[in-house]
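The lines below spell out each chain.
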Amino acid sequence: MNIFVTGASGFIGSAVVKELIQAGHHVIGLARSEASAKIIRDAGASVLLGTLEDLEILKQGASQADGIIHTAFIHDFTQYQKAGEVDKTAIQTMGNVLAGTNKPLVVTSGMLGLTPINGFITEESPVGNSPRPSEATTLALSEAGVHASVVRLPPSVHDKGDKGFIPFIIAQARKNGVSAYPEEGKNHWSAVHRLDAAKAYRLAVEKAAKGAVYNVVGDQSIEIKTIATLIGKQLQLPVQSVSGEAIVTHFDWMGRFITFEGAAIGSKTQEQLDWKPTHIGLLEDMQENYF
């Protein structure tokens, strides 16, 4: 297949590109800079220069492709609403190009803020309080006939080179001289290794089930306190609870995410995609690569 990948030079997207090429697919990667373009070319893919806000470029990439994997997102959490609006428009733009075809559109979404069912976020969990519009936008396209599906990622997609939530939590511990957790630290997060996630994206675009929601999960349930305790041990810092306004004081913009319940299971996803995580878990990865 000829697959258009947004975010192709990013932490997740670059792994997806390598996974696709190794499986024999041709990739066109969206690059917002020459530095990004070099990463994509070096991986063996073609390049389309542009950003998520260049709608004509997105249309061009979508029209050239047999399928699309959308991993790009503007990770400016101080302007999260704007980032969500840009994402929504980009998804709609690419989806409209594929309307009337059987070509798959696989869109990235997150799990934090979704409604747990019996303690876990499942494939049936509704969007609930999720601040990100990616999933709702994608499923609306599928209802309109576009061959669109959603890959839901846990709050931690981990591997060497991670620039996501966990490195930020570690940085805040260093900055504040304490490894903190919110309230009793009894809420949980799920996680998946980046290379396992990349394989799931490939299988999703190849199998292309319209309207499917895939929970791409390795570690199902890790207590936030456990993560904080490991950080404290590695940095030789005290570990303590914070509550109320102190949560935002310590965690900054992440204060709104750190308290979410993010335990998740993906048994239906594993069955539908014939996918299983095989790489190391988050806590082991943190010990080996995060300090």
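Calculation rules
- Residues numbered from 1 in each chain as written.
- Predicted model: local features only at pLDDT ≥ 70, side-chain atom pairs only at ≥ 80, totals over all residues.
- Heavy atoms only, no water.
- Helix = DSSP H or I, 4+ residues; strand = E, 2+ residues; numbered from the N terminus.
- Rg over C-alpha atoms; globule rule 2.2 N^0.38 Å.
- Buried < 20%, exposed > 50% of the residue type's maximum accessible area, 1.4 Å probe, protein only.
- Contact = heavy atoms within 4.5 Å.
- Areas by Shrake-Rupley, 256 points an atom, 1.4 Å probe, with all protein chains shown as cover.
- Lys, Arg positive; Asp, Glu negative; His and termini not counted.
- Charge placed at Lys NZ, Arg CZ, Asp CG, Glu CD.
- Salt bridge = Lys/Arg side-chain N within 4 Å of Asp/Glu carboxyl O.
- Pairing = 2+ DSSP bridges.
- Axes fitted to C-alpha atoms, helices over the stretch in contact; angles between N-to-C directions.

**Quick word on the overall build of the protein**
Helix and strand content of the protein: 11 helices and 12 strands. Radius of gyration (C-alpha) of the protein: 19 Å, near the 19 Å computed for a compact globule of 291 residues. C-alpha atoms of the protein, sized along the principal axes, occupy 55 × 40 × 35 Å. Taken over 291 residues, the protein has a buried fraction of 53%. Put simply, 78% of the contacts in the protein that link residues at least 6 apart link residues at least 24 apart. Of the roughly 12,500 Å² of accessible surface on the protein, 48% is carried by carbon and sulfur atoms. If the 25 positive side-chain charges of the protein are averaged to one point and the 30 negative ones to another, these points end up 3 Å apart.

**As for the pattern of salt bridges**
Taken as a whole and judged by the stated rule, the model has 9 salt bridges. As a salt-bridge pair, Lys268 and Glu124 come within 2.8 Å of each other at their nearest N and O atoms. Remark: Glu124 occurs in the loop between strand S5 (104-110) and helix H5 (134-143) and Lys268 occurs in helix H10 (residues 267-273); sequence separation between them is 144 residues. According to the relative accessible area criterion, Lys268 is partly exposed, its value standing at 40%. Between Lys186 and Glu223 there is a salt bridge, and its shortest N-O distance comes to 3.9 Å. Here Lys186 is found in the loop between strand S8 (179-182) and strand S9 (188-193), whereas its partner Glu223 is found in strand S11 (residues 219-223), with 37 residues between them in sequence. Among the ionic contacts, a cluster of salt bridges with common partners joins Glu19, Arg202 and Glu206.

**Brief notes about the sheet that holds S9**
Strand order in the open sheet formed by 3 strands is S7-S9-S11, and the pairing between neighbours is mixed. Edge positions in the open sheet fall to strand S7 (156-158) and S11, since each of these has one partner strand only. Neighbour-to-neighbour, the strand axes of this sheet turn through a mean angle of 35 degrees, independent of strand direction. Direction of pairing for S9 relative to S11: antiparallel, over a ladder of 3 bridges. Residue pairing in the sheet places Trp189 in a bridge with Ile222 of S11. The strands touched by helix H8 (residues 224-235) within the sheet are S9 and S11, with S11 carrying the most contacts at an inclination of about 70 degrees.

**What to know about unusual backbone geometry**
At Asp252, a position not held by glycine, the phi torsion is positive, near 60 degrees. Here Asp252 shows up in the loop between helix H9 (245-251) and H10. Judged by its relative accessible area of 40%, Asp252 is partly exposed.

**Here we look at the environment of Gly218**
Counting through the fold element by element, Gly218 comes out in the loop between strand S10 (213-215) and S11. Expressed as a C-alpha distance, the spacing of Gly218 and Ile265, which sit 47 residues apart in the sequence, is 8.5 Å. Once residues lying within four places of it in the same chain are set aside, the contact partners of Gly218 are Ala191, Val192 and Pro277.

**Brief notes about the sheet that holds strand S3 (residues 46-49)**
Backbone hydrogen bonds hold the strands of a sheet together, and the pairing may be parallel or antiparallel. With parallel pairing, 7 strands are arranged side by side in an open sheet as S3-S2-S1-S4-S5-S6-S10. What marks the edges here is a single partner per strand, and that holds for S3 and S10. Within this sheet the neighbouring strands show an average axis-to-axis angle of 20 degrees, counted without direction. Where S5 and strand S6 (residues 147-153) come together, 7 bridges link them in parallel fashion.

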